[in-house]
Amino acid sequence: MDYNATTPLEPAVIQAMTEAMWEAWGNPSSPYPAGRKAKDIISAARESLAKMIGGKPQDIIFTSGGTESNNLVIHSVLRHFHKVHASEGATPHFITCTVEHDSIRLPLEHLVEEHVAAVTFVPVSVVNGQAEADDILAAVRPSTCLVTVMLANNETGIIMPIPELSRRVAALNQQRAASGLPRVLLHTDAAQALGKLRVDVRDLGVDFLTVVGHKFYGPRIGALYVRGLGEHTPLYPMLFGGGQEQSFRPGTENTPMIAGLGKAAELVTENGQAYEAHMRDIRDYLEERLAAEFDKKKIHFNSQFPGTERLCNTCNFSIEGPQLQGRLVLAQCRTLLASVGAACHSDQGDRPSPVLLSCGIPSDVARNALRLSVGRSTTRAEVDLVVQDLKQAVARLEGQA
């Protein structure tokens, strides 16, 4: 139950990738049939991806994954600020929140270390776990050029108020334009939301949106949506080469992986509501079973904030007790495969999750946290097995104490 870490490939995705390997082996830039076939597959995948997020195909750039997409946004906004405002001597300012993925946090921290940008990390609310629009707007400076806030958190599942934030930023930009200040661009990393939540860039109102294939049963590549690519919203390449992807991300395209990403997007468009309903049912059943099997004083649900929406598949909880750290509980489990937080932080031992601490979860509770995330094929029977496995693991640890 670790589908927020990654997902298996859907059979239809494997089929699309396999067919592309056999039939579209040509270079997409080549004029002969195998090349044209590859180019057509890439174009179709771009259309499928655009349809999934309510965007235009020409605004989609394929990348190697979420890390590249996020870095490309930060790199582009920094370059654009220096290009447009270089004569003013101002330091570009970025705003993000304290629960972002490392592929946002670390590039921004690097810019600060290099003395090329200023960054404000806005704390999330301990009342609702969200990065609130009021707090984000309060951090804006004259030199602010980018706000980047994830659409849904990977550990808690909390959904951020991006539509409200975009409306507030748009109103602010009208005032800034009259004063000759730079436009504040808005980016959201939608890695965890796609396939679990309806995502439409028109409703979100963002300038950039990050897509990660392996989170919605696709291959391990990604994409970046850029509203009005190159015209309304600036993008600057990090790589230079053959001119693929409108020269914004050159390099001979990986046709089979792009074909798989397109098929995964197509499945989300066709079946997204059914996926979401199933995962919500299973997640809710999981939480009911946990609450029934463990004393209410013993279990703490870490992402159930009143009035706050969260992803349909994510359950973050702690079983309280001095010897029940999440890592130790998982080590005793014989059926359950899960994590204590973000998969990329799995080497942090018993240190409590910074995300949970930011949300106001006490350190001793956060240290015991487990993140269970169900998938499209998870069943109630599997939930029953997992809950029993957890009970037995806890009993063994308490028996050793």
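Read on for a plain summary of the structure. Keep in mind the model is a prediction, meaning the values are calculated, not measured.

1. Examining the overall build of the chain
Right, so step 1: Scanning the chain from terminus to terminus reveals 12 helices and 10 strands.
Right, so step 2: Radius of gyration (C-alpha) of the chain: 22 Å, near the 21 Å computed for a compact globule of 401 residues.
Right, so step 3: Counting only C-alpha atoms and orienting by the principal axes, one finds that the chain spans roughly 65 × 55 × 35 Å.
Right, so step 4: A buried classification covers 56% of the 401 residues belonging to the chain.
Right, so step 5: Relative to all contacts within the chain whose residues are 6 or more apart in sequence, the contacts with residues 24 or more apart total 73%.
Right, so step 6: With an accessible surface of roughly 17,200 Å², the chain has 53% of that area assigned to carbon and sulfur atoms.
Right, so step 7: Measuring between centres, the 38 positive side-chain charges of the chain sit 1 Å from its 44 negative side-chain charges.

2. Side note on the nonpolar core
Right, so step 1: One finds Leu 209, Leu 290, Phe 317 and Leu 390 to be the most contacted residues of the largest nonpolar core, which totals 87 residues.
Right, so step 2: Top contributing element to this core by residue count: helix α8 (residues 255-293), with 12 residues.
Right, so step 3: Leaving out residues up to four positions away in the same chain, Phe 317 has contacts with Leu 290, Ile 299, His 300, Phe 301, Asn 302, Asn 368, Ala 369, Leu 370, Leu 372 and Leu 390.
Right, so step 4: Formed by 22 residues, the second largest nonpolar core is a distinct cluster that contains Ile 74, Leu 111, Phe 208 and Val 226.

3. What about empty space enclosed by the protein?
Right, so step 1: As enumerated under the stated definition, the model contains 2 cavities of 30 Å³ or more in all.
Right, so step 2: One number sums up the size of the second largest cavity: a volume of about 60 Å³.
Right, so step 3: Around the second largest cavity, the lining comprises 14 residues; the ones closest to its centre are Thr 7, Lys 196, Lys 215, Tyr 217 and Met 279.
Right, so step 4: When its residues are assigned to classes, the lining of the second largest cavity shows 6 nonpolar, 5 polar and 3 charged.

4. Some thoughts on the packing of α8 against helix α12 (residues 380-400)
Right, so step 1: As a packed pair, α8 and α12 sit with axes 10 Å apart at the nearest point and diverge in direction by 30°. On the basis of their axis angle, the class for α8 and α12 is roughly parallel. The element α8 and its partner α12 pack so that their crossing is right-handed. Seen from α8, the contacting residues are Asp 281, Ile 282, Tyr 285, Leu 286, Arg 289, Leu 290 and Glu 293; seen from α12, they are Arg 380, Val 383, Asp 384, Val 387, Gln 388, Leu 390 and Lys 391.
Right, so step 2: Residues belonging to the contact of α8 with α12 are distributed by class as follows: 7 nonpolar, 1 polar and 6 charged.

5. Digging into helix α2 (residues 33-53)
Right, so step 1: Under the 1.5 Å per step criterion, the end-to-end length of α2 is 31 Å for 21 residues, consistent within 8% with the ideal 30 Å.
Right, so step 2: What α2 keeps buried is the set Ala 34, Gly 35, Ala 38, Ile 41, Ile 42, Ala 45, Arg 46, Ser 48, Leu 49, Ala 50, Met 52 and Ile 53.
Right, so step 3: Where α2 is buried, its residues touch α1 (11-23), β1 (60-63), α7 (201-204), β6 (208-212), β7 (222-226) and α8.
Right, so step 4: Positive phi appears at Gly 54, one or two residues downstream of α2, with a value of about 75°.

6. Describing the sheet that holds strand β9 (residues 314-319)
Right, so step 1: Across the sheet, which stays open at both edges, the 3 strands sit in the order β8-β9-β10 with antiparallel pairing between neighbours. Only two strands of the sheet have a single neighbouring strand rather than two, namely β8 (299-301) and β10 (369-373). Between one strand axis and the next, the sheet turns through 30° on average, direction left out of account.
Right, so step 2: With respect to the sheet, α8 is in contact with β8, β9 and β10, its orientation differing from that of β9 by roughly 15°.

7. Focus on the environment of Leu 356
Right, so step 1: Topologically, Leu 356 is positioned in helix α10 (residues 354-358).
Right, so step 2: Residues Leu 356 and Gly 222, 134 residues apart in the sequence, show an inter-C-alpha distance of 27 Å.
Right, so step 3: Once residues lying within four places of it in the same chain are set aside, the contact partners of Leu 356 are Glu 155, Thr 156, Asn 302, Asn 316, Ile 361, Ala 366 and Ala 369.

8. Re the packing of aromatic side chains
Right, so step 1: Applying the stated criterion across every chain, the model contains 2 aromatic pairs.
Right, so step 2: Taking 6.4 Å as the distance between ring centres and 15° as the angle between the ring planes, the aromatic pair formed by Tyr 3 and Tyr 217 counts as stacked. Taken together, the residues Tyr 3 in the segment before α1 and Tyr 217 in the loop between β6 and β7 connect sequence positions 214 residues apart.
Right, so step 3: Sitting over the ring of Tyr 275, Arg 376 keeps its end group 3.8 Å from the ring centre.

The rules behind these values
Residues numbered from 1 in each chain as written. Predicted model: local features only at pLDDT ≥ 70, side-chain atom pairs only at ≥ 80, totals over all residues. Heavy atoms only, no water. Helix = DSSP H or I, 4+ residues; strand = E, 2+ residues; numbered from the N terminus. Rg over C-alpha atoms; globule rule 2.2 N^0.38 Å. Buried < 20%, exposed > 50% of the residue type's maximum accessible area, 1.4 Å probe, protein only. Contact = heavy atoms within 4.5 Å. Areas by Shrake-Rupley, 256 points an atom, 1.4 Å probe, with all protein chains shown as cover. Lys, Arg positive; Asp, Glu negative; His and termini not counted. Charge placed at Lys NZ, Arg CZ, Asp CG, Glu CD. Core = buried A, V, L, I, M, F, W, Y, C linked by side-chain atoms within 4.5 Å. 1 Å grid on protein atoms, 1.4 Å probe; cavity = no way out; pocket = protein on both sides within 12 Å on 5 of 7 lines; lining within 4 Å. Points joined across faces, edges and corners; volume = space filled by probe spheres on them. Nonpolar A, V, L, I, M, F, W, Y, C, P; charged D, E, K, R; others polar. Axes fitted to C-alpha atoms, helices over the stretch in contact; angles between N-to-C directions. Parallel < 35°, antiparallel > 145°, perpendicular 65-115°, else oblique. Left-handed = near helix turned anticlockwise from the far one by under 90°. Expected span 1.5 Å × (residues − 1). Pairing = 2+ DSSP bridges. Phe/Tyr/Trp six-rings, centres within 6.5 Å; stacked < 30°, edge-to-face > 60°. Lys NZ or Arg CZ within 6 Å of the ring centre and 35° of its normal.

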